[in-house]
Amino acid sequence: MNAKPIGPIPADFAEQAVLHVAGQGAADWAAAGTPLYLYDMAAVSARIARFRAAMPKRVALHYAIKANPFPPLIAAIAQQVDGIDVASAGEMDKALAAMPAAAISFAGPGKRDAELEAAIRAGVTLNLESEGEADRALAIGARLGVAPRLAVRVNPDFELRGSGMKMGGRASPFGIDAARVPGLVRRLIAAGADWRGFHIYAGSQALSAEAVIETQAATIGLAARLAEEAGALPPLVNLGGGFGIPYFPGDVPLDVKAVGSALAGELDRLDTHYAIELGRWLVGEAGIYLARVVDRKESQGETFLVVDGGLNHHLAATGNFGTVVRRNYPVAVAHRMQDPVEEVVSVVGPLCTPLDRLADRVALPRAEVGDLIAIFASGAYGASASPQAFLGHPPVREVLAGV
Ligand SMILES: *Cc1c(COP(=O)(O)O)cnc(C)c1O
């Protein structure tokens with residue numbers, strides 16, 4: 001039977017014979033129970049160092065915790081980045097446990113009054129998503145007698161595309177249409193708010209440096225135009241992020257050095273501070289999902305490895321989290337990383353649905369009942385982005401290694 005290709009195993013782990021993280025074998029990490037997500041802090045720190053080396057000094061690095069809100073990971077990352085971006089009051093509480101309020105910003109549509117009030121009381125910056133939200137935040141600030149820290153999220157008239165950029169505005173629940181922003185900024189300042197600047201986020205999971213470079217240049221151009229029309233210099237321009245990671249066959253890593261050198265030539269168009277907010281690029285390749293083979297079975301000539309967790313823990317690897325075509329994540333038998341392939345198998349989870357397929361007809365060395373299967377590139381949009389209650393299996397364990 002023909003095997004389907006798998007995505008690239010991150011270089012942090014690809015050369016190992018037996019999978020180790022922070023010097024300890026996968027079997028030891030798994031001894032306290034499977035399935036688990038294992039996050040390698042050294043791999044995260046290496047990404048942060050790569051960002052710092054590639055980017056101009058003037059650009060701050062924020063962690064967007066919706067990619068992975070595991071508290072020990074947030075705490076460790078907070079030591080190495082300049083800010084945290086959150087998208088709910090729940091995430092804000094996690095961020096406040098790790099970072100001063102002044103370094104936290106809160107985006108996302110539909111913030112309830114209680115969320116706005118909690119942010120304003122704490123001194124967290126609100127990235128305003130609508131004029132109605134601006135009015136409510138100003139009213140809450142007036143009632144509390146504090147000047148709320150307010151940034152304006154702009155709905156840009158361009159978009160970051162995985163392969164190149166699509167220009168042209170579109171309706172969006174996120175941000176305020178660019179044409180309406182200067183008037184709102186003037187109104188915020190007149191009302192006595194502590195205006196923090198602009199947040200402009202144009203997209204996600206880009207592997208093309210060219211697309212990111214074009215988007216960043218357009219973003220700075222837009223921020224400069226809006227600042228001029230508003231008659232006020234933004235204290236901070238959050239350029240968004242969108243740095244992608246390789247998941248699938250043929251994916252190549254984003255050239256962050258090229259992004260950094262192009263960005264260096266654009267920054268002086270505006271006298272301000274800049275930030276880039278990243279989620280998956282910081283943590284995605286650092287995470288491994290480890291599940292144990294419970295059963296091997298044959299059906300009509302196909303071999304299935306049934307493991308003890310699936311889409312309930314890792315929706316994205318099953319192709320059900322925002323992908324159009326199902327493709328295979330990088331996968332390996334944890335103690336036979338370099339062994340020759342012996343068979344074509346599908347790795348499926350324990351849920352009673354055909355959607356629960358972690359790897360579809362992949363060529364692997366033979367794995368027996370009790371062996372560990374590793375799904376790589378699993379550090380972002382895993383545990384917190386999967387329907388853990390579905391079918392009532394136990395929640396997945398999460399472990400941060402190397403701290
Ligand atoms: C989701 C999100 C991010 C993080 O995206 P990644 O693709 O994980 O880097 C950053 N900023 C905003 C506003 C987001 O909504």
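Residues numbered from 1 in each chain as written. Predicted model: local features only at pLDDT ≥ 70, side-chain atom pairs only at ≥ 80, totals over all residues. Heavy atoms only, no water.

Q: So what about the domain arrangement of the protein chain? Which residues, and what values?
A: As far as domains go, the protein chain holds domain 1 (11-39 + 285-401) and domain 2 (69-278). Taken together, the contact pairs 12 residues of domain 1 with 10 residues of domain 2. Its largest share of buried area at the contact with domain 2, domain 1 owes to E285, R327 and L400, together 41% of the area lost on that side. Our enumeration of links across domain 1 and domain 2 arrives at 0 salt bridges. At the boundary of domain 1 with domain 2, the tally comes to 0 residue pairs in polar contact (both at pLDDT 80 or more). Of the residues forming the side of domain 1 that touches domain 2, the biggest block, 3 residues, is contributed by strand 21 (residues 397-401). Residues that form the side of domain 1 that touches domain 2 fall into these classes: 6 nonpolar, 3 polar and 3 charged. (Domains from an automatic or database assignment. Contact = heavy atoms within 4.5 Å. Buried area = accessible area lost by both parts, 1.4 Å probe. Salt bridge = Lys/Arg side-chain N within 4 Å of Asp/Glu carboxyl O. Polar contact = N/O pair within 3.5 Å; in protein donor to acceptor, adjacent residues only side chain to side chain. Helix = DSSP H or I, 4+ residues; strand = E, 2+ residues; numbered from the N terminus. Nonpolar A, V, L, I, M, F, W, Y, C, P; charged D, E, K, R; others polar.)

Q: Go over empty space enclosed by the protein with me, naming the residues and quoting the values.
A: Summed over all chains, the structure comprises 1 cavity of 30 Å³ or more. Approximately 60 Å³ is the volume attributed to the largest cavity. Taken together, L160, A202, G203, V212, T215, Q216, T219, L239, G241 and G242 make up the full set of residues lining the largest cavity. At 4 residues, helix 9 (residues 209-230) tops the list of elements feeding residues into the lining of the largest cavity. Here the lining of the largest cavity is composed, by residue class, of 4 nonpolar, 6 polar and no charged. (1 Å grid on protein atoms, 1.4 Å probe; cavity = no way out; pocket = protein on both sides within 12 Å on 5 of 7 lines; lining within 4 Å. Points joined across faces, edges and corners; volume = space filled by probe spheres on them.)

Q: Report on the pairing of strand 5 (residues 83-86), specifying residues and quantitative values.
A: Here strand 5 shows a buried face lined by G83 and D85 and a second buried face lined by I84 and V86. In terms of handedness, the path from strand 4 (residues 59-64) via helix 4 (residues 71-78) over to strand 5 forms a crossover that is right-handed. With 3 bridges connecting them, strand 5 and strand 6 (residues 104-106) associate as parallel partners. The residue bridging I84 from the neighbouring strand is I104, located in strand 6. Where the polypeptide runs from strand 5 across helix 5 (residues 89-96) and back to strand 6, its parallel neighbour, the crossover connection is right-handed. (Buried < 20%, exposed > 50% of the residue type's maximum accessible area, 1.4 Å probe, protein only. Right-handed = clockwise from strand over helix to strand, strands pointing away. Pairing = 2+ DSSP bridges.)

Q: Explain the pattern of salt bridges to me, and be specific about the residues and the numbers.
A: Counting across every chain of the model gives 25 salt bridges. D82 is paired through a salt bridge with R52; the nearest N and O atoms lie 2.8 Å apart. Separated by 30 residues along the polypeptide, D82 in the loop between helix 4 and strand 5 and R52 in helix 3 (residues 41-54) bring together distant segments of the chain. We classify D82 as partly exposed; its relative accessible area is 36%. Measuring nitrogen to oxygen at the nearest pair gives 2.8 Å for the salt bridge that ties R58 to D268. In this pair, R58 sits in the loop between helix 3 and strand 4 while D268 sits in the loop between helix 10 (256-264) and strand 14 (273-278), placing the two residues 210 residues apart along the sequence.

Q: Residue-level account of the environment of Q80, with values.
A: Mapped onto the elements of the fold, Q80 is located in the loop between helix 4 and strand 5. You can call Q80 partly exposed: its relative accessible area is 28%. With 75 residues separating them along the chain, Q80 and P5 place their C-alpha atoms 36 Å apart. Not counting chain neighbours up to four residues away, the residues in contact with Q80 comprise M41, S45, I48 and R52. A polar side-chain atom of Q80 sits 2.9 Å from a polar atom in the side chain of S45.

Q: Residue-level account of the site of the ligand, with values.
A: Around the ligand lies a shell formed by A64, K66, H199, Y201, S204, E277, L278, G279, R280 and Y381. Between S204 and the ligand, the recorded distance is 2.6 Å, taken from a side-chain N or O atom to an oxygen atom. At 2.9 Å from an oxygen atom of the ligand is found a main-chain nitrogen or oxygen belonging to G279. Relative to its unbound accessible area of 380 Å², the ligand is 88% covered by the protein chains. Here the residues of the shell around the ligand are counted per class, giving 4 nonpolar, 3 polar and 3 charged. (Near = heavy atom within 4 Å. Areas by Shrake-Rupley, 256 points an atom, 1.4 Å probe, with all protein chains shown as cover.)

Q: Please provide a residue-by-residue account of the layout of surface pockets, values included.
A: Taken as a whole, the second largest pocket spans an internal volume of roughly 260 Å³. Contributing to the lining of the second largest pocket are 21 residues, with H62, A102, T125, R149 and L236 lying nearest its centre. Those elements that place two or more of their residues in the lining of the second largest pocket are strand 4, strand 5, strand 6, strand 7 (125-128), strand 8 (149-155), strand 12 (194-199) and strand 13 (236-238). Looking at the lining of the second largest pocket element by element, the count peaks at 4 residues for strand 12. In the lining of the second largest pocket, the residues fall into 9 nonpolar, 8 polar and 4 charged.

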